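Examining the three-dimensional arrangement
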Amino acid sequence: MNDIVRDRDAMSNIIILNVRRAIAYLVLAILTFAALFPFYTMIINSTRKHTEIQSGFSFFPGSWADFYRNFMNAINDPTIPIMTGMVNSLIIAVAAAFLCVYFSAFTAYGIHVYDFKIKKFCFTFILIIMMVPTQVSAPGFLNLITRMGLMDTFWPLILPAIAAPVTFFFMKQYMEASLPLEIVEAARIDGCNEFKTFNRIVMPILKPAIAVQAIFSFVANWNNYFMPALILETANKKTLPVLIAMIRSADFLTFDNGKLYVFIMLSILPVIVVYLILSKFIIRGVTLGAVKG
Amino acid sequence: MAAPITKRKSISYTNWGYFFIAPFFIIYAIFAFIPLLSTFWYSLCDYYRVGVADWTGPKFIGLDNFKVILDFSQTYNLLVYFKNTVIIWLVGFVPQIIVSLLLASWFTDLRLKLKATGFFKVVIYLPNVIMAASISMLFFAFFDDLGPVNSMLKEAGMITEAYKFFNNVTATRSIIASINFLMWFGNTTILLMAAIMGVDTSVYESAQIDGANPAQTFWKITIPLIRPLLVYVLVTSLIGGIQMFDIPSIITNNIGTPNRTAMTVMMELNAYAGNKDYGRAAAVAVVLFAVSASLSLLVFWLGRDKDAIKVRKEMAKRKKGAGLL
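To start, this report covers the structure provided alongside it. The shown structure was predicted, so the numbers you read here are calculated from the model rather than taken from an experiment.

**Quick look at the overall build of chain A**
Each helix and strand counted, chain A has 14 helices and zero strands in total. Reading chain A from its N end, one meets helices and strands in the order α-α-α-α-α-α-α-α-α-α-α-α-α-α. For a compact globule of 293 residues, the expected C-alpha radius of gyration is about 19 Å, and chain A comes in at 26 Å, more than 25% above that figure. For chain A, the residues scored as buried account for 53% of the 293 residues in total. Sequence-distant contacts in chain A: of pairs separated by 6 or more residues, those separated by 24 or more amount to 73%. Per element, the accessible surface of chain A, about 13,600 Å² overall, is 69% carbon and sulfur.

**Overview of the packing of helix H4 (residues 82-113) of chain A against helix H8 (residues 165-178) of chain A**
Residues and elements named next belong to chain A. At a minimum axis distance of 8 Å, the contact between H4 and H8 shows a crossing angle of 55 degrees. The pairing of H4 with H8 is recorded here as oblique in orientation. As for how H4 packs across H8, the hand of that crossing is right-handed. Every residue of H8 that contacts H4 at Cys100, Val101, Ser104, Ala105, Thr107, Ala108, Tyr109, Ile111 and His112 is listed here: Thr167, Phe168, Met171, Lys172, Met175 and Glu176. Of the residues that constitute the contact of H4 with H8, the class distribution is nine nonpolar, four polar and two charged.

**What about the pattern of salt bridges?**
Taken as a whole, this structure holds ten salt bridges over all chains when the rule is applied. Notably, a salt bridge pairs aspartate 109 of chain B with arginine 20 of chain A, separated by 2.9 Å at the nearest N-O pair. Note that aspartate 109 of chain B is positioned in the loop between helix H4 (78-108) and helix H5 (117-129) and arginine 20 of chain A in helix H1 (residues 2-45), a pairing that runs across two chains. Here arginine 188 of chain A and glutamate 194 of chain A are joined by a salt bridge, their closest N and O atoms 2.9 Å apart. Take arginine 188 of chain A and glutamate 194 of chain A: they sit in the same class, and that class is buried. Through salt bridges with shared partners, a single network forms among Lys49, Asp66 and Arg69 of chain A.

**Things to note about the interface of chain B and chain A**
Contact residues are listed per partner, giving 99 residues for chain B and 104 residues for chain A. Both faces considered, chain B and chain A share a buried interface measuring about 9,300 Å² in area, 78% of it formed by carbon and sulfur atoms. When the area that chain B buries against chain A is broken down by residue, the three leading residues are Phe20, Phe24 and Phe31 of chain B, summing to 9%. Remark: the boundary between chain B and chain A carries one salt bridge. Summed over the shared surface of chain B and chain A, the number is 15 residue pairs in polar contact (both at pLDDT 80 or more). Each residue belonging to the side of chain B that touches chain A can be placed in one class, and the counts come to 73 nonpolar, 17 polar and nine charged.

**Overview of the pairing of strand E1 (residues 45-50) of chain B**
Residues and elements named next belong to chain B. Looking at chain direction, E1 and strand E2 (residues 54-60) are connected through five bridges and run antiparallel. The partner of tyrosine 48 across the bridge, within E2, is threonine 56. Between E1 and E2, which pair antiparallel one after the other, the connecting turn spans three residues, and glycine 51 there sits at a positive phi close to 70 degrees.

**Side note on the environment of tryptophan 55 of chain B**
Residue and element names in this part refer to chain B. Along the chain, the position of tryptophan 55 falls in strand E2. Here the alpha-carbon distance between tryptophan 55 and valine 286, two residues 231 residues apart in the chain, equals 22 Å. With residues up to four places along the chain from it excluded, the contact list for tryptophan 55 reads Tyr47, Tyr48, Arg49, Val50, Lys276 and Tyr278.

**Examining helix H10 (residues 214-225) of chain B**
Residues and elements named next belong to chain B. Compared with an ideal rise of 1.5 Å per residue, which puts twelve residues at 16 Å, H10 spans 15 Å between its outermost C-alpha atoms and is within 8% of the ideal. Inspection of H10 places Thr217, Phe218, Ile221, Thr222 and Ile223 among the buried residues, and these make up the whole buried set. Its buried side turned inward, H10 meets H4, helix H8 (169-197), helix H9 (201-209) and helix H11 (227-242).

**Concerning the nonpolar core**
Among the nonpolar cores identified, the biggest contains 185 residues, and Tyr109, Phe198 and Leu260 of chain A together with Leu103, Met137 and Ile251 of chain B are the most heavily contacted of them. Apart from the residues within four sequence positions on either side, phenylalanine 198 of chain A is in contact with Tyr102, Ala105, Phe106, Tyr109 and Met203 of chain A together with Phe20 of chain B.

**Considering the packing of aromatic side chains**
Across all of its chains, the model carries 56 aromatic pairs over all chains by this definition. Note on phenylalanine 116 of chain A and tyrosine 18 of chain B: the rings are 4.8 Å apart at their centroids and 55 degrees apart in plane angle, and the pair reads as tilted. Of this pair, phenylalanine 116 of chain A sits in the loop between H4 and helix H5 (119-129) while tyrosine 18 of chain B sits in helix H2 (residues 16-42), on two different chains. A relative accessible area of 5% means that phenylalanine 116 of chain A is categorised as buried. Given a relative accessible area of 31%, tyrosine 18 of chain B falls into the partly exposed group. Their ring planes at 10 degrees and their centres at 5.9 Å tell us that tryptophan 41 of chain B and phenylalanine 60 of chain B sit as a pair that is stacked. On the criterion of sequence distance, the pair formed by tryptophan 41 of chain B in helix H2 and phenylalanine 60 of chain B in strand E2 is long-range, its members being 19 residues apart. A connected cluster of aromatic rings, assembled from ring pairs, spans Phe98, Tyr102, Phe103, Phe106, Tyr109, Tyr114, Phe195 and Phe198 of chain A together with Trp16, Phe19 and Phe20 of chain B. Directly above the ring of phenylalanine 123 of chain A sits lysine 172 of chain A, whose terminal nitrogen or CZ lies 5.0 Å from the centroid. We note arginine 188 of chain A situated over the ring of tyrosine 13 of chain B; from NZ or CZ to the ring centre the distance is 3.7 Å.

Calculation criteria
Residues numbered from 1 in each chain as written. Chains lettered and ligands numbered in written order. Predicted model: local features only at pLDDT ≥ 70, side-chain atom pairs only at ≥ 80, totals over all residues. Heavy atoms only, no water. Helix = DSSP H or I, 4+ residues; strand = E, 2+ residues; numbered from the N terminus. Rg over C-alpha atoms; globule rule 2.2 N^0.38 Å. Buried < 20%, exposed > 50% of the residue type's maximum accessible area, 1.4 Å probe, protein only. Contact = heavy atoms within 4.5 Å. Areas by Shrake-Rupley, 256 points an atom, 1.4 Å probe, with all protein chains shown as cover. Axes fitted to C-alpha atoms, helices over the stretch in contact; angles between N-to-C directions. Parallel < 35°, antiparallel > 145°, perpendicular 65-115°, else oblique. Left-handed = near helix turned anticlockwise from the far one by under 90°. Nonpolar A, V, L, I, M, F, W, Y, C, P; charged D, E, K, R; others polar. Salt bridge = Lys/Arg side-chain N within 4 Å of Asp/Glu carboxyl O. Buried area = accessible area lost by both parts, 1.4 Å probe. Polar contact = N/O pair within 3.5 Å; in protein donor to acceptor, adjacent residues only side chain to side chain. Pairing = 2+ DSSP bridges. Expected span 1.5 Å × (residues − 1). Core = buried A, V, L, I, M, F, W, Y, C linked by side-chain atoms within 4.5 Å. Phe/Tyr/Trp six-rings, centres within 6.5 Å; stacked < 30°, edge-to-face > 60°. Lys NZ or Arg CZ within 6 Å of the ring centre and 35° of its normal.

Quick look at the structure:
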């Protein structure tokens, strides 16, 4: 009697489990569709003529010839220099990412290894400024760089990356977990000076953390829109997001839609490629630095 | 770990600490701290450009800038933009946290054993790395009068005339909120997953032995144990939400159409800064600073561990009682 009851319970458990599993896969399928469909449509529409796009939606691509024509129209557009924009974005994002990770590790090393007087105060200070949204100092920042003569240059978009509280915090945590002070000590005994120790010995140990943070910093700077929009004025100096905004403020009704989708594609494709290659790294990185308890 | 070693050696090396932290603090002082202080100062000043290159101010005028931006007798004031921002944020955040909790608990469910979770994680995180400006432009094109959404609706026979999404308040706000949702639900899911996986599996195993069903496990074990992370997600999302700019700016061409119902606080700040009215822009920035600072304090206060506090209070009371005796 008991056995029958137990069997029936087991059966119903399995059924419930399978139903739950089915629901989970269904929801995941819908979300996957939602996440990918916009980009699918973008790719499809970049291969179709303006008139075709406006006359209706299609699940299937147009032709290579149309894609080629749209592509050539996009990269040769005189008012929206997308290729220059890409180079500009690349310069800024690479330089900012490099400065950001190097100096965050640099600062974290200073706080982690040395017991100087105001160390506690410095650490707390950085934790507090982590909460301050950077954009709230925009008016003062703009005024400052105007006076410095740095308006319409890349410097104000690159140099502030040296002081990145969030990346600093991540590096500090990473060092606590995986940088034994004995290594520093050993380097000292071998006669290595502190600066050299940091570059030659500590940096290689931090490689995994540096890789993750470099990617995040690169992506953040590549996608940054608020500050570049206020700082870059000349068309040839503008970065991709600012150029995309220019498309939006152009007369949309007469704008060649085929070209439009190529523009958008060019602005996001590099990041998608990087992401797909390094996705495992990136997803692991999301949780690494973000929180601790 | 190696404390005694550093302590002994620290005598001769401590000053290197200043060398290592110097670049950070110098750059922070120049490009963030001084601008922050001057922003506070400009908020109390008349300071704007006249014509092409002439500037008025900075001339101290007290709280006049705040009186103008917070003039509630006007149809459009900063409070309206705060309301817009919070509404759009909430419409995106509520489904985001629900979906993320659901996905995170499914991905980590020991019995469910979903396949291809790696693939799903890659897909749901993808929109987060993509340029907000581009996704917004993409969605603007989709919901255009002649865009794919309207043509699909027409083909399905649901409409005959193109529906003007961007003339409708709810539609515009929902589109902005959907983009926010799409960009952030993957990120939140991954954070919550890490939190759930941090919970000792034996807790779940004993719950299972005690006959707890999945819903009970979720509400009685998972939620209370990951509360610190939920608070973190809420804080960061709220602070990010208050600063919402890229998406509504691109969708509405920076004017918050229709009738400024999609105008956010950052867009107002951007508009003043773009017009070189640094006084007003600074006033908006100061209000934004005050609001985000107090919000983060409030949420942290709400999310504190109430049980631990109760225990501490109880202990203090007992101590006092003992002292009196």
